[in-house]
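Coordinate analysis (summary)
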Amino acid sequence: MKGNEALAEAAIRAGADAYFGYPITPQSEIIEYLMAENPEELTGMVVLQAESEVAAINMVYGAAGCGKRAMTSSSSPGISLKQEGLSYIAGAELPCVLVNVVRAGPGLGTIQPSQSDYFQAVKGGGHGDYKLIVLAPATVQESVDYVKLAFDLAFKYRNPVMILSDGIIGQMMEKVELFEQQPRLTEEFEWATVGKKPNKDSVIVTSLQLQSEEQEKVNLRLQAKYREVEKNEVRYETHNCEDAEYLFTAFGSCARITRKAMEMAREKGIKVGLLRPQTLYPFPVDAFHQLAGQLKGILTVEMNAGQMVEDVKLAVNGQTKVEHFGRFGGMIPSPEEILNAMEQKIIGG
Amino acid sequence: MSENLITPENLVYKKTKSMTDRILHYCPGCGHGTAHRMLAEAIDELGIQGETVGVAPVGCSVLAYYYFDVDMQEAAHGRAPAVATGIKRVFPEKYVFTYQGDGDLAAIGTAETIHACNRGENILVVFINNGIYGMTGGQMAPTTLEGMKSSTSPRGRDVKSMGSPLKITELIAQLPGTYFVTRQSVHTPANVRKTKRALKKALEYQKLNKGTCFVEIVSNCPSGWKMTPVQSNKWMEENMFPFYPLGDIKVPEK
């Protein structure tokens, strides 16, 4: 299946209650697939084309505030438009899933794949101190599996979860195993606006606090939640790290190309491994920190001008050399280029 | 003797159930309190307190969720109709309303307002039009009258450079998605009663799934207009009503 379509099918199967979206390349197949499949007939899932990205994320807010599994998707310029709503969702502690099929920027940029929204995804994105949980699929299979995982994490932590895909993963076709249809939620959450219960206080979904003391309490509660997320939800994959003297690190589609570069390096006798973060927030800080001691250097490979490299440097904390290699603007690095960068910047550098 | 008087048949007044006991923060003489009360009474009379979900805006009524004793969500500025769409689509059987001011509904949220109404979302939009941004301190609103002074139109609204006041309600009435569109006020007992009837009717219509109901309430802003409450009501009658005439704009076809 095509990455975007598989992801849309996964949303239906994950028992989503509602999808609100607005077309933008390279992710329009998500809403097109959902409209064609008509899940309202199958599971009762609502699918609505909003008048804008801004409206779509606020529809998600409304449905999420009712305790429903709500979702939206877009690509980079559209995700920028959603940042206001995301900040409100994070502030009101509502669960939701959003997908960013990243294209190159800034501005209208190009519709070609990129990873240039890393900062926006992992550092919050909108105003205020908040975090999204960020999952980075490298395959169509992971795009599917992460939809279910994303809803689970969103409700576990009452926090927005982003699937950070890109134009490669979204547009390519791969074999995929779909999970069984999950039931839609029937639970009524006490934090959700489902109609006031007799002898109970009405439920208010809000991110507004008039007093600084109260706002600080909210911020402290959010921070405590993020520490829990950092403790429990780090996911990453390693290849050939046991005897590695050098390390590649990359996420998403770029990690696949980098893996090929690693195999080429191994054939040349260079002891190099690969660490692929699957969660970008929480970042696998400890994994980098522990590996760093045995390494002569780390090359971060990204389809951007150097974003994840900052988090790698923070995790490594000076224990070993960290360099970045990137192509951007929609250009995709070749394994040869990546291996060459390792040899020039890390081994020979 | 007095104990014998406290019987159901002697009841002439009681607290509105769908309002909380919190003290309203609105300025003396402001129409918000009465508008809140009429909506809450309509909810009470229909017995739908437990089936109603409201959406509060950004503006003077940002804290409406403290005063309405129904489940409520606070929306970002202008986004209430989108939030209400999300709620209504997952809970089609609930009664959903937004309560918005003129800046929220007719400036920053114009797109959300028009498209929710155009889709015919089965929600009630309550629109308080006082021609000014009250909460932020009296700036020009989309509905500020020509020549009217505000802190961002200190020499009066110049329509050449600032645009004309927007009759969004007339515009909304043009959309096939709207079912009932009316303009009311809450400055006299007779108008208060009419407003309440309109709000109750609009909530009742929600069960018919015929489209959006839109109730504008032209109101005063003594603080923003820099008038006493009495002066502001007189000024509203003399200046606001000629431009924003009261009455039904679109009524369901018989």
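Being a predicted model, the structure only gives us computed values, none of them experimental.

What counts as what
Residues numbered from 1 in each chain as written. Chains lettered and ligands numbered in written order. Predicted model: local features only at pLDDT ≥ 70, side-chain atom pairs only at ≥ 80, totals over all residues. Helix = DSSP H or I, 4+ residues; strand = E, 2+ residues; numbered from the N terminus. Rg over C-alpha atoms; globule rule 2.2 N^0.38 Å. Buried ≥ 20, exposed ≤ 12 C-beta atoms within 10 Å, placed from the backbone. Contact = placed C-beta atoms within 7 Å. Axes fitted to C-alpha atoms, helices over the stretch in contact; angles between N-to-C directions. Parallel < 35°, antiparallel > 145°, perpendicular 65-115°, else oblique. Left-handed = near helix turned anticlockwise from the far one by under 90°. Nonpolar A, V, L, I, M, F, W, Y, C, P; charged D, E, K, R; others polar. Pairing = 2+ DSSP bridges.

**Things to note about the overall build of chain A**
- Helix and strand content of chain A: 14 helices and 13 strands.
- Relative to its length of 349 residues, chain A is compact, with a C-alpha radius of gyration of 21 Å against a globular reference of 20 Å.
- C-alpha extents for chain A along the principal axes are approximately 70 × 50 × 35 Å.
- Counting across all 349 residues of chain A, residues that qualify as buried make up 55%.
- Sequence separation of at least 24 residues holds for 79% of the intrachain contacts in chain A that already meet a minimum separation of 6.

**A few points about the packing of helix α4 (residues 53–65) of chain A against helix α4 (residues 80–90) of chain B**
- Where α4(A) contacts α4(B), the two axes come as close as 6 Å, and the packing angle between them is 45°. Our classification of the angle between α4(A) and α4(B) gives oblique. Of the two possible hands of crossing, α4(A) and α4(B) adopt the one that is right-handed. Judged by residue contacts, A:A55, A:N58, A:M59, A:V60, A:Y61, A:G62, A:A63 and A:G65 of α4(A) engage B:A82, B:V83, B:A84, B:T85, B:G86, B:I87, B:R89 and B:V90 from α4(B).
- Its residues assigned to classes, the contact of α4(A) with α4(B) shows 10 nonpolar, five polar and one charged.

**Things to note about the interface of chain B and chain A**
- Every contact between the two is made by 29 residues of chain B and, on the other side, 34 residues of chain A.
- Put simply, the parts of the chain that give the side of chain B that touches chain A at least two residues each are β1 (52–56), β2 (71–74), α4 and α6 (110–119) of chain B.
- Of all the elements, α4(B) adds the most residues to the side of chain B that touches chain A, at eight residues.
- Taken together, the residues of the side of chain B that touches chain A sort by class into 14 nonpolar, seven polar and eight charged.
- The sheet contact formed by strand β7 (residues 204–205) of chain A and β2(B) spans two bridges and is parallel. Each bridged residue has a counterpart across the sheet, and for A:V205 the counterpart in β2(B) is B:Q73.

**Description of helix α2 (residues 28–37) of chain A**
- Every buried residue of α2(A) is accounted for by A:E29, A:I30, A:I31, A:Y33 and A:L34.
- The inward-facing, buried residues of α2(A) abut α1 (3–13), β1 (18–21), α3 (39–42), β2 (46–49), β3 (70–74) and β4 (96–102) of chain A.

**Overview of the environment of A:G107**
All names here are of chain A.
- Topologically, G107 is positioned in the loop between β4 and α7 (118–122).
- With 9 C-beta atoms packed within 10 Å, G107 lands in the exposed category.
- C-alpha separation for the pair G107 and P77, spaced 30 residues apart in sequence, amounts to 6.9 Å.

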